[in-house]
Amino acid sequence: MKKHILIVGGGYVGLYTALRLQRRLRRELHGGEVRITIIDPQSYMTYQPFLPEAAAGNLSPRHVVAPLRRILPKARILNGTVTKVSHSDRTVTFQPAEGEPRQLTYDVIVMAAGSISRTLPIPGLTDIGIGFKTVGEAIALRNRVLHQLDLAESTDDPDVRRRALTFVVVGAGFAGVEALAELEDMAKDSRRYYRNIGPSDLRWVLVEATNRVLPEVGPEMGKWTLEQLRERGIDVRLETRLESCVGGHVMLSDGTEFEAETLVWTAGVKASPVVRDSDLPLDERGRIKGTARLTVAGTPDAFAAGDAAGVPDVTNPGQFCAPNAQHAVRQAKVLADNIVRHLRGEELVEYRHKYVGSVAGLGLHQGVANVYGVKLRGFPAWFMHRTYHLSRVPTLNRKVRVVVDWTLTLFFKRETISLGEMEHPREGFRAAVATTHR
Ligand SMILES: Cc1cc2nc3c(=O)[nH]c(=O)nc-3n(C[C@H](O)[C@H](O)[C@H](O)COP(=O)(O)OP(=O)(O)OC[C@H]3O[C@@H](n4cnc5c(N)ncnc54)[C@H](O)[C@@H]3O)c2cc1C
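Here the residue numbering is sequential within each chain, running from 1 through the sequence in written order. Selection of residues for local features in this predicted model requires a pLDDT of at least 70, selection of side-chain atom pairs for listing and counting requires 80 or more, and totals for whole chains, interfaces and linings are taken over all residues. For the side-chain quantities, the full set of heavy atoms in the structure was used; hydrogens and water were omitted.

Participant: What is the right way to look at the sheet that holds strand β24 (residues 374-377) in this model?
Facilitator: Strands in a sheet are paired, the pairing made by backbone hydrogen bonds, and the direction either parallel or antiparallel. Taken in spatial order, the 3 strands make up an open sheet running β22-β23-β24, and their pairing is antiparallel. For this open sheet the edge positions go to β22 (357-361) and β24, each flanked by a neighbour on one side alone. If you compare each strand with its neighbour and ignore which way they point, the axes differ by 5 degrees on average. The rule for pairing is simple: two strands pair if DSSP sees at least two bridges between them. A helix here means a DSSP run of H or I that spans at least four residues, while a strand means a run of E at least two residues long, and both kinds are numbered starting from the N terminus. Alignment of β22 against strand β23 (residues 367-371), held across 5 bridges, turns out to be antiparallel. Looking across to β23, one finds that Val359 is bridged to Ala369. Packed onto the sheet, helix α9 (residues 218-231) meets β23 and β24 and runs at close to 175 degrees relative to β23. Between the N-to-C directions of two axes lies an angle of 0 to 180 degrees, each axis being a line fitted to C-alpha atoms and, for a helix, fitted only over the stretch in contact. A contact between two residues is defined here by any heavy atoms of the two lying within 4.5 Å.

Participant: Would you take a moment to explain the pattern of salt bridges for this structure?
Facilitator: If charged atoms from side chains of opposite charge come close, those side chains can pair. Whenever Lys or Arg places a side-chain nitrogen within 4 Å of a carboxyl oxygen from Asp or Glu, that contact is recorded as a salt bridge. What the rule picks out here adds up to 20 salt bridges. Salt-bridge contacts for Arg287 lead to Asp283; the nearest nitrogen and oxygen are separated by 3.0 Å. Across the pair, Asp283 and Arg287 agree in class, each one buried. The network of salt bridges with common partners includes Arg203, Asp235, Arg237 and Asp254. Each residue gets one of three labels from its accessible area relative to the maximum for its type: buried under 20%, exposed over 50%, partly exposed in between, using a 1.4 Å probe on protein chains only.

Participant: Any chance you could explain the site of the ligand here in plain terms?
Facilitator: Definition of nearness: a residue and a molecule or strand are near each other if at least one heavy atom of the residue lies within 4 Å of the molecule or strand. Taken together, 31 residues lie around the ligand, and Val13, Asp40, Gln48, Asp307 and Ala325 are the ones closest in. Throughout this description, a polar contact denotes any pair of N or O atoms lying within 3.5 Å of each other; where both atoms belong to protein, one of them has to be capable of donating a hydrogen while the other can accept it, and for residues adjacent in sequence the pair is counted only when both atoms sit in side chains. Side-chain polar atom of Gln48 to an oxygen atom of the ligand: 2.6 Å apart, as the coordinates give it. Between the ligand and Pro323, the relevant distance is 3.4 Å, taken from an oxygen atom to a main-chain nitrogen or oxygen of the residue. Every element with two or more residues in the shell around the ligand is listed here: α1 (12-24), β2 (34-40), β5 (76-86), α8 (174-190) and α10 (325-344). Only Asp, Glu, Lys and Arg are considered charged in this grouping, and only Ala, Val, Leu, Ile, Met, Phe, Trp, Tyr, Cys and Pro are considered nonpolar; every other residue, Gly among them, is considered polar. Looking at the shell around the ligand residue by residue, the classes come out as 16 nonpolar, 11 polar and 4 charged.

Participant: Can you help me understand the pairing of β2 in this one?
Facilitator: Regular strands place their side chains on alternate faces of the sheet. With respect to burial, β2 is a largely interior element, 6 of its 7 residues being buried. Note: strand β1 (residues 3-8) against β2, 6 bridges, orientation parallel. When the bridges of β2 are listed, Leu6 appears paired with Thr37.

Participant: Can you walk me through α10 in this structure?
Facilitator: Each α-helix winds once per 3.6 residues, and so residues spaced three or four apart point in a common direction. Expected helix span is taken as 1.5 Å per residue step, with the number of steps being one fewer than the number of residues. An ideal rise of 1.5 Å per residue puts 28 Å on 20 residues; α10 measures up with 29 Å between its terminal C-alpha atoms. Between a side-chain oxygen at the N-terminus of α10 and the backbone nitrogen of Gln326 the separation is 3.2 Å; the capping residue is Asn324. Downstream of α10 by a residue or two, Gly345 has a phi angle that is positive, lying close to 70 degrees.

Participant: I would appreciate a short explanation of the sheet that holds strand β10 (residues 129-130) in the present structure.
Facilitator: Pairing is parallel across the open sheet formed by 5 strands, whose spatial order is β10-β17-β11-β12-β13. Every other strand in the sheet has two partners, leaving β10 and β13 (235-237) as the edge strands with one partner each. Note that strand β11 (residues 166-170) and strand β17 (residues 262-265) share 4 bridges and pair parallel. Paired with Val169 across the two strands is Val264, which belongs to β17. Set on the sheet, α8 makes contact with β11 and β12 (203-207); between it and β12 the angle comes to about 175 degrees.

Participant: Even after reading the chapter, I still don't get a positive patch on the surface, so can you show me in this structure?
Facilitator: Each patch is built from residues lacking any salt bridge and having more than 30% relative accessible area; the joining distance is 9 Å for like charges and 5 Å for nonpolar side chains (Val, Leu, Ile, Met, Phe, Trp, Tyr). Under the convention used here, a 1.4 Å probe and the Shrake-Rupley method define accessible areas, while residue burial counts only the protein chains that appear. Neither His nor the chain termini are counted; the positive set is Lys and Arg, and the negative set is Asp and Glu. Where a charge sits is defined by one atom per residue type, namely NZ (Lys), CZ (Arg), CG (Asp) or CD (Glu). A cluster of like positive charges, contributed by Lys2, Arg35, Arg76 and Arg102, occupies part of the molecular surface. Inspection of the secondary structure assignment puts Arg76 in strand β5. According to the relative accessible area criterion, Arg76 is partly exposed, its value standing at 36%.

Participant: How should the pairing of strand β8 (residues 108-111) be read in this particular structure?
Facilitator: By the alternation rule, side chains of β8 split into Val108 and Val110 and Ile109 and Met111, which are all buried. Looking at chain direction, β1 and β8 are connected through 4 bridges and run parallel. In the strand pairing of β8, Ile5 is matched with Val108. With 3 bridges connecting them, β8 and strand β20 (residues 302-304) associate as parallel partners. Directly across from Met111, in β20, lies its bridge partner Ala304.

Participant: Looking at this structure, I do not really get the packing of helix α11 (residues 379-392) against helix α12 (residues 396-412). What am I missing?
Facilitator: A packed helix pair is summarised by two numbers, namely the angle formed by the two axes and the spacing between the axes. In contact at an axis separation of 9 Å, α11 and α12 are set at 150 degrees when each is read in the N-to-C sense. With respect to each other, α11 and α12 are oriented roughly antiparallel. Along this stretch, α11 crosses α12, giving a crossing that reads as right-handed. Where α11 abuts α12, its residues Arg386, Leu390, Ser391 and Arg392 lie against Lys399, Val402, Val403 and Trp406. Looking at the contact of α11 with α12 residue by residue, the class counts come to 4 nonpolar, 1 polar and 3 charged. Note that the term roughly parallel is reserved for angles under 35 degrees, roughly antiparallel for angles over 145, roughly perpendicular for angles of 65 to 115, and oblique for everything else. By convention, the crossing between two helices is left-handed when the near helix turns anticlockwise from the far helix through less than a right angle, and right-handed when the turn is clockwise.

Participant: Please clarify how the environment of Leu146 should be interpreted in this entry.
Facilitator: Position of Leu146 among the secondary structure elements: in helix α6 (residues 135-154). Every residue in contact with Leu146, bar those within four places of it in the chain, is listed here: Met186, Ser190, Tyr194, Thr416, Ile417 and Ser418.

Participant: Where do I start with the side chain of Lys133 in this structure?
Facilitator: Looking at where Lys133 falls in the secondary structure, it is placed in the loop between β10 and α6. Among buried Asp, Glu, Lys and Arg side chains, Lys133 stands out as unpaired, with Asp307 the closest opposite charge at 4.4 Å. When sequence neighbours within four positions are dropped, the list of residues in contact with Lys133 reads Gln48, Leu51, Ser115, Ile116, Ser117, Val269 and Asp307.

Participant: Looking at this structure, I do not really get unusual backbone geometry. What am I missing?
Facilitator: Glycine aside, the phi torsion of most residues is negative, and most peptide linkages are trans. In this structure, Asp301 is a non-glycine residue whose phi angle is positive, near 65 degrees. With respect to the helices and strands, Asp301 occurs in the loop between β19 (288-289) and β20.

What follows is the structure, encoded as structure tokens:
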């Protein structure tokens, strides 16, 4: 009987699951007994750990994404969003970028829709805040920071200048610390091209509700990272919350108030909203209730992994796998193998991986690492961060492009141009039309 495997989301889990299914079910795909469809709003998978380097201008944005259609020629890629999953009748509602939604049926579903920023109802946040999860956000932020330097250089108003040069990041996990460290490093580097911006004019504030930064690298290296950031002049506020940022007027829970033009929100993630618009069981944190076999609890023909699912960590009973790429990639491999077993009527296996620690980049030639208990800091950690992620970024094509980008930066310094204009491509033309009608 023909089987249709539908994968919701073409990120880490979606891409790597399809890649393995493509290899393991080659004969069945060729003979038409199996079909694979991936649905994602984008036509590419984003290698999120490289977003901070893309924001800093060390990597081209096109090289931190992997084109789904090129990598997965045996799968059908549909661009759009799954807005509803009705597993009881094996149907999803697919909303393409244009046109009416339509129903798609399947035999086996893989929920791989990842996560979105977890926000709080803070006044002003939706007006000035920006997340750091997509390549669009990373590049917009890069353009924003460089544009603020241009603005500060060109104004005579000290208040406008101070506000332009104040950057706030909320949340000191992976995404927040790496984004802040890379952008601060880029801004510092770019400053040499501005006559009127001194080192102390740039103000970077990191706001964190708990008492530590970068928990992913453990307490000792987290403490070292904190000292490093403070040595660099970054104003790190621990056990502090953002209370309000209406119109860019930032108010913190420690009583501090100041003006800022840029505020990046990286204070945690929550499962993609599509999981709530499904009849699949959810856990108390709003994620799909997963099992160690990467199936959906108590639900036949449904699999889930990555940030969207609560997968029990069998190496740490009672705990769940953290939402990170380290788990997502490994889960995808086991998930794909379990789908093959499921199709062949074989017993499924459990996902088992003990978290090995992490590496993080903190700007050019700076990093921190704690992997298999080996703790590194500074240049060796940065080197490890780069080599590790290079080994992980999908396809040889992307690996070569990343190495070329890094090599160019080594010899010619990174690009420090703001292309914010690209976010409003029709403005110049509109202005030209307006002059014609004057
Ligand atoms: C800046 C940053 C740095 C990071 N650095 C590291 C690191 O160094 N190490 C590490 O281990 N982890 C890191 N992570 C975390 C890691 O990237 C995630 O844990 C990983 O991407 C999760 O994989 P996933 O497949 O579950 O989700 P994703 O990779 O996010 O993929 C989910 C996909 O689903 C799609 N989707 C969502 N909703 C729908 C829908 N309704 N219909 C169709 N498609 C949908 C999305 O467009 C997306 O493509 C980082 C994350 C960020 C943001």
